[in-house]
Amino acid sequence: MGVKIEVFRMMLYLSFPVTMFWVSNQAEYFEEYIVKRKREIFPADEKVHRKELEDFKERMRVRKEKRIMKRMSMETEN
């Protein structure tokens with residue numbers, strides 16, 4: 001009887017993690033939850049947010065250009 005119960009316990013110990021891994025990798029079980037959560041974290045593009053981002057990028061580009069021009073002018077003076 002001891003060997004049979006040990007085989008059963010070993011099968012249980014091995015099958016539980018394998019089953020959990022298999023279930024957690026089934027996309028259809030979690031797809032709805034993931035999509036909903038993603039939309040909460042990253043809301044759909046709104047025109048206001050898009051405009052703010054574009055303005056920020058433009059300000060950073062202008063700032064970088066000014067810095068480069070200043071550096072170039074300092075190099076030409078030397």
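What counts as what
- Residues numbered from 1 in each chain as written.
- Predicted model: local features only at pLDDT ≥ 70, side-chain atom pairs only at ≥ 80, totals over all residues.
- Heavy atoms only, no water.
- Helix = DSSP H or I, 4+ residues; strand = E, 2+ residues; numbered from the N terminus.
- Buried < 20%, exposed > 50% of the residue type's maximum accessible area, 1.4 Å probe, protein only.
- Areas by Shrake-Rupley, 256 points an atom, 1.4 Å probe, with all protein chains shown as cover.
- Lys, Arg positive; Asp, Glu negative; His and termini not counted.
- Charge placed at Lys NZ, Arg CZ, Asp CG, Glu CD.
- Salt bridge = Lys/Arg side-chain N within 4 Å of Asp/Glu carboxyl O.
- Patch = residues over 30% accessible without salt bridge, like charges linked within 9 Å, V, L, I, M, F, W, Y side chains within 5 Å.

Asker: For this particular structure, what's the right way to read the overall build of the chain?
Answerer: From N to C terminus, the chain includes three helices and zero strands. For the chain, the succession of helices and strands along the chain, N to C, is α-α-α. Dimensions of the chain along its principal axes, counting C-alpha atoms only, are 95 × 40 × 10 Å. Looking at the chain as a whole, 1% of its 78 residues are labelled buried. Total accessible area on the chain stands at roughly 8,300 Å², and carbon and sulfur atoms take up 64% of it. Of the charged side chains in the chain, 18 are positive and 14 negative, and the gap between their average positions amounts to 3 Å.

Asker: Hey, could you run me through the pattern of salt bridges in this one?
Answerer: Here the idea is simple: oppositely charged side chains can pair when their charged atoms come close. Summed over all chains, the structure comprises six salt bridges. In this structure, Arg9 engages Glu6 in a salt bridge whose closest nitrogen and oxygen atoms are separated by 3.2 Å. Note that Arg9 and Glu6 are positioned in helix α1 (residues 2-24) at a spacing of three residues, about one turn of the helix. Note on Glu6: relative accessible area 43%, which makes it partly exposed. Residue Glu58 is joined to Arg61 by a salt bridge in which the shortest nitrogen-to-oxygen separation is 2.3 Å.

Asker: I would appreciate a short explanation of a nonpolar patch on the surface in the present structure.
Answerer: On the surface, Phe8, Met10, Leu12, Tyr13 and Leu14 cluster together to form a nonpolar patch covering roughly 550 Å² of accessible area. Here Phe8 is to be found in helix α1.

Asker: Just checking my understanding: could you explain the environment of Arg63 for this structure?
Answerer: Within the secondary structure layout, Arg63 lies in helix α3 (residues 47-77). Considering only alpha carbons, one finds Arg63 and Gln26, 37 residues apart in sequence, at a separation of 48 Å.

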